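Listed below are the residues making up each chain.
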Amino acid sequence: MNNEELYRYTEEMVRRAEITDPGYSERFLRALDKHPDIREEYIWYLNHGSYACTYTIEGYSIADIIIWQTDNFKALLDNAEAQNKHNPYKMTLYGFDTMMKMADDPGTYTAKMRATTGTDYLGKY
């Protein structure tokens, strides 16, 4: 996929994700340029509509990150007003965004992922 196609597909993802920040696409793509392995995972997703999960950071794949984000914020996601609840495009973009941040600072993110995940209230389980 060339850069022009990647830009077009990313713009469409951002539109479908209903992200209104006008600079989000450009920042996202600049960050991808710094992370070629994550860029390849993202392109795989755009081409196949699924996650390849071939690149990991300390054993965590993009699917693990998205699951962690969903679980960590499930109280918010249960809310009918939650903006991510029925928007796989937003969850995907934010998952890749988190993966890039995790690549830059793996210790912080792996510690968060190993910590207790979110619940609707303390003591639920």
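About the thresholds
- The residue numbers shown here count from 1 along each chain, following its written sequence.
- Selection of residues for local features in this predicted model requires a pLDDT of at least 70, selection of side-chain atom pairs for listing and counting requires 80 or more, and totals for whole chains, interfaces and linings are taken over all residues.
- By convention in this description, side-chain values take in all heavy atoms of the structure and omit both hydrogens and water.
- Note on definitions: salt bridges are taken to be side-chain nitrogens of Lys or Arg within 4 Å of carboxyl oxygens of Asp or Glu.
- Only DSSP runs of H or I covering at least 4 residues are called helices, and only runs of E covering at least 2 are called strands; the numbering of each starts at the N terminus.
- To define a nonpolar core, start from buried Ala, Val, Leu, Ile, Met, Phe, Trp, Tyr and Cys residues and group those joined through side-chain atoms within 4.5 Å.
- Type-normalised accessible area, obtained with a 1.4 Å probe on protein chains alone, sets the label of each residue: buried when under 20%, exposed when over 50%, and partly exposed for intermediate values.
- We call two residues in contact whenever any of their non-hydrogen atoms come within 4.5 Å of each other.
- By definition here, a helix of n residues has an expected span of 1.5 Å times n minus one.
- The aromatic pairing rule takes the rings of Phe, Tyr and Trp, using the six-membered ring of Trp, and pairs them if the centres are within 6.5 Å, calling planes under 30 degrees apart stacked, those over 60 edge-to-face and the rest tilted.
- Summarising the geometry, the arc corresponds to the directions from the helix axis toward the C-beta atoms.

What follows is about the pattern of salt bridges. Applying the stated criterion across every chain yields a total of seven salt bridges. As a salt-bridge pair, Asp97 and Lys101 come within 3.1 Å of each other at their nearest N and O atoms. Residue Asp97 and its partner Lys101 are both found in helix H6 (residues 88–104); the two are separated by four residues, about one turn of the helix. Residues joined by salt bridges that share partners form a network here, namely Glu12, Arg15 and Arg16.

Right, let's talk about the nonpolar core for a bit. The biggest cluster of nonpolar side chains holds 28 residues, and the ones touching the most others in it are Phe28, Leu32, Tyr42, Leu93, Phe96 and Met102. Here this core gets six residues from one element, more than from any other, and that element is H6. Look past the residues within four positions of Met102 in its chain and what remains in contact with it is Ile57, Tyr60, Ile65, Tyr109, Thr110 and Met113.

Taking 1.5 Å as the rise per residue, helix H3 (residues 36–48) with 13 residues should run 18 Å; its terminal C-alpha atoms sit 18 Å apart, in good agreement. Looking one or two residues beyond H3, the residue adopting positive phi is Gly49, at roughly 70°.

So, about the environment of Met100. Mapped onto the elements, Met100 comes out in helix H6. Distance from Met100 to Lys34, taken between C-alpha atoms, is 8.7 Å for residues 66 residues apart in sequence. Excluding residues within four positions of it along the chain, Met100 makes contact with Phe28, Ala31, Leu32, His35 and Ile38.

This part is about the packing of aromatic side chains. Inspection of the entire model under this criterion finds six aromatic pairs. Ring plane angle 70° and centroid distance 5.1 Å describe the contact between Phe28 and Tyr42, whose orientation is recorded as edge-to-face. In this pair, Phe28 sits in helix H2 (residues 24–33) while Tyr42 sits in helix H3, placing the two residues 14 residues apart along the sequence. The pair Phe28 / Tyr42 is uniform in exposure class, with both members buried. Judged by centre distance (6.4 Å) and plane angle (50°), the rings of Tyr51 and Phe96 are tilted. Of this pair, Tyr51 sits in the loop between H3 and helix H4 (62–72) while Phe96 sits in helix H6; the two residues are 45 residues apart in sequence, bridging distant segments of the chain. By the ring-pair criterion, three or more aromatic residues cluster together here, those being Tyr24, Phe28, Tyr42, Tyr45, Tyr51, Tyr94 and Phe96.

Excluding glycine, most residues fall at negative phi; most peptide bonds, likewise, are trans. With a phi angle near 60°, Glu18 is a residue other than glycine that sits in the positive phi range. Note on placement: Glu18 falls in the loop between helix H1 (3–17) and H2. If you check the backbone angles, Cys53 has positive phi at about 60° while not being a glycine. With respect to the helices, strands and loops of the structure, Cys53 is situated in the loop between H3 and H4.

Our focus in this paragraph is helix H7 (residues 106–114). Looking only at H7, the buried set comprises Tyr109, Thr110 and Met113. The buried residues of H7 occupy an angular sector of 95° when projected down its axis, which confines them to one face.

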